[in-house]
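Take a look at the letters that make up each chain.
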Amino acid sequence: MNKYLLPLLLLFAACSNDSDPIADKSSFTKIYDSNKFSASFYPIDVKQTPDGGFLILGGRRLETIPGSEDDFPGTYVMKTDEFGAFVSDNEIGTDLVNPVGLLESNGKYYFFGMNAANTQTNLVEMDADGKMNTPILIGNSYPSAAAQDGVNFILLNYDHGNKQSVLSIVTPAGQVSKTQSFSIGAGNDHIDDVIISHFLRTGKQIPFFVGKTTSGQYYFNGFYDYTLSLIFTDLNADDPQGEVHGYSDDGGLSMVLPVAGNQFAISRFNFGDNYVLPNTTLKTSGLSSSVNDDNLKGYSIPEIVPNAPVKIINTTIAAKEYLIYATNTRSRQIALLLYDKATGEFKGSHYLGFSNPFEVASVINTADGGLAVCGTTYVAGRFPRICLFKLSSEQLSKIIK
């Protein structure tokens, strides 16, 4: 499929004969349009490749029969060069849907997808150009989130038949080395409907995520005991070691980043309101609440959309460590909020986007000390397209107050 940059974008980011190649690589804004005008594409995650370019995992709307299993989003992979220019893409067939995670191990790239016919999870290996090998069957249904665990991967599934959240460790060869299941609550049709509508993208998008603490505990954000909860586990016991519960699907944590020990940078939502806590303590054992605990109140951010998606990463600017929160504003821009990692003090903000609406999908550090932000924009306010912002280290330095 041919891709081309929007004409408006050429005013901002196109290369000319007298352009500076170094500057063009360190800072750019790209929107990737399609000659299929009514098609829909959205990004899930992005990785920088050894050649300085970017590999983007995304989803796409499938032209299928309404109500069929193929209503799940299809899989899309795109490669750019170091300047952000489109190189190639792959609209993967309708048999592999609902992709999650873009992971790296030993120079190869991986993601999890779902077989459209039986909802079983597959692991897909790619090279740095996005060329795929044959998918490997993993088992378990409905992949929900994935993250790195050294050379291995942490995978969260939703077991629709048994109504369970399932956390597993998966090797790049597709072997499941550890797994544990946690009940979402028997007979909870509401939560089941919420989860399925998340996968179909017909309802609210649930902030599923997984990870590992600095002390070695695994965690997932998913449904347990009738509510969206952050669950800590060693994957050896049926019951959680720790649970930070929310309120049904209306309140909970939207992102967590381990800092040190029981210290975390988090964001949470509660009936549409959003809060950030860049330096707080979470109980990784026992029961606590993200809705009622006074120490998890945080700072209200009224400028961002209700129940906002949030991404959090560590970054280093001028030899000092910061936390970057990336989220969506009510004015339909992507907000970058910077906090001092050691103190949690707010240090500055920066906004991305112009003309069209923009929404964040992923934010990563780049090899040159800058930042890449991948998101969705809407052409003519209607058709989702992938966008990529590259910020230089100098631009990041100017954000700090």
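The coordinates are above.
1. With respect to the layout of surface pockets
Of the voids in this model, the second largest pocket is the one considered here, and its volume is about 180 Å³. Along its surface, the second largest pocket is lined by eleven residues, and Lys25, Gln48, Gly52, Asp368 and Lys390 are the ones closest to its centre. By residue number, the principal contributor to the lining of the second largest pocket is helix 2 (residues 21–26), which donates three residues. Each residue belonging to the lining of the second largest pocket can be placed in one class, and the counts come to three nonpolar, four polar and four charged.

2. Here we look at the sheet that holds strand 12 (residues 152–159)
What links the strands of a sheet is backbone hydrogen bonding, and the strands pair in either a parallel or an antiparallel sense. Read across the sheet, four strands follow the order 11-12-13-14 without closing on themselves; strand pairing throughout is antiparallel. Every interior strand has two partners, whereas the edge strands, strand 11 (143–149) and strand 14 (176–183), have only one. Here the average twist between neighbouring strands, direction ignored, is 15°. Here six bridges tie strand 11 to strand 12, and the two strands are oriented antiparallel to one another. Note that in strand 12 the partner of Ala147 across the bridge is Ile154. Packing against the sheet, helix 3 (residues 189–200) makes contact with strand 11 and strand 12, and its axis sits at approximately 125° to strand 12.

3. Things to note about the sheet that holds strand 20 (residues 263–270)
Strands sit in the order 19-20-21-23 across an open sheet of four strands; the sheet is antiparallel. Edge positions in the open sheet fall to strand 19 (251–260) and strand 23 (299–300), since each of these has one partner strand only. Bridge count between strand 21 (residues 273–281) and strand 23: two bridges; the pairing is antiparallel. Within the sheet, the bridge partner assigned to Tyr275 lies in strand 23 and is Ser300.

4. Here we look at the pattern of salt bridges
Summed over the entire model, instances satisfying the criterion amount to twelve salt bridges. One salt bridge in this structure joins Lys204 and Asp249, with 3.1 Å as the shortest N-O distance. Placement of the pair is Lys204 in the loop between helix 3 and strand 15 (209–212) and Asp249 in the loop between strand 18 (242–245) and strand 19, with a sequence separation of 45 residues. We classify Asp249 as buried; its relative accessible area is 6%. Through salt bridges with shared partners, a single network forms among Lys204, Asp249 and Asp250.

5. Quick word on the pairing of strand 14
In this structure, strand 13 (residues 164–170) lies alongside strand 14, joined through seven bridges in antiparallel fashion. Within strand 14, the residue paired with Leu167 across the bridge is Gln180. Between strand 13 and strand 14, which pair antiparallel one after the other, the connecting turn spans five residues, and Gly174 there sits at a positive phi close to 90°.

6. Considering the nonpolar core
Of all hydrophobic cores here, the largest spans 31 residues; its most connected members are Leu167, Ile195, Val210 and Phe223. At the level of elements, strand 11, strand 12, strand 13, helix 3, strand 16 (218–224) and strand 17 (227–233) are the ones that each hand at least two residues to this core. It is helix 3 that provides the largest number of residues to this core, a total of five residues. When residues no more than four places from it in sequence are discounted, the contact partners of Leu167 are Ile154, Leu155, Leu156, Lys178, Thr179, Gln180, Val210, Tyr218, Tyr219, Phe220, Thr233 and Leu235. Counting 27 residues, the second-largest nonpolar core is a separate cluster that includes Leu253, Ile301, Val305 and Ala308.

7. Some details on the side chain of Ser141
Within the secondary structure, Ser141 is located in strand 10 (residues 136–141). A distance of 3.4 Å separates a polar atom in the side chain of Ser141 from the backbone nitrogen of His160.

8. A short note on unusual backbone geometry
Negative phi characterises most residues that are not glycine, and trans characterises most peptide bonds. Even without glycine at this site, Ser248 takes up a positive phi of about 50°. Note that Ser248 resides in the loop between strand 18 and strand 19. The backbone phi angle of Ser355 is positive, close to 65°, even though this residue is not glycine. Assessed through its relative accessible area of 67%, Ser355 is described here as exposed.

9. Side note on empty space enclosed by the protein
Applying the stated rule across the entire model yields three cavities of 30 Å³ or more. Size it by volume and the largest cavity reaches roughly 50 Å³. Considering the residues around the largest cavity, the lining is formed by Ser254, Ser267, Arg268, Asn274, Tyr275, Val276, Ile304, Val310, Tyr325, Thr327 and Leu337. For the lining of the largest cavity, the elements supplying multiple residues, two or more each, are strand 20, strand 21 and strand 25 (320–328). No other element matches the three residues that strand 21 contributes to the lining of the largest cavity. Residue classes in the lining of the largest cavity are distributed as six nonpolar, four polar and one charged.

10. A word on helix 3
End to end, helix 3 covers 16 Å across twelve residues, agreeing with the expected 16 Å (1.5 Å per residue, within 8%). Of all the positions in helix 3, only Ile191, Asp192, Val194, Ile195, Ile196, Ser197, His198 and Phe199 are classed as buried. Residues of helix 3 that are buried make contact with strand 7 (96–105), strand 11, strand 12 and strand 16. Among the residues trailing helix 3, Arg201 stands out with phi positive, at a value near 60°.

Rules and cut-offs
Residues numbered from 1 in each chain as written. Predicted model: local features only at pLDDT ≥ 70, side-chain atom pairs only at ≥ 80, totals over all residues. Heavy atoms only, no water. 1 Å grid on protein atoms, 1.4 Å probe; cavity = no way out; pocket = protein on both sides within 12 Å on 5 of 7 lines; lining within 4 Å. Points joined across faces, edges and corners; volume = space filled by probe spheres on them. Helix = DSSP H or I, 4+ residues; strand = E, 2+ residues; numbered from the N terminus. Nonpolar A, V, L, I, M, F, W, Y, C, P; charged D, E, K, R; others polar. Pairing = 2+ DSSP bridges. Axes fitted to C-alpha atoms, helices over the stretch in contact; angles between N-to-C directions. Contact = heavy atoms within 4.5 Å. Salt bridge = Lys/Arg side-chain N within 4 Å of Asp/Glu carboxyl O. Buried < 20%, exposed > 50% of the residue type's maximum accessible area, 1.4 Å probe, protein only. Core = buried A, V, L, I, M, F, W, Y, C linked by side-chain atoms within 4.5 Å. Polar contact = N/O pair within 3.5 Å; in protein donor to acceptor, adjacent residues only side chain to side chain. Expected span 1.5 Å × (residues − 1).

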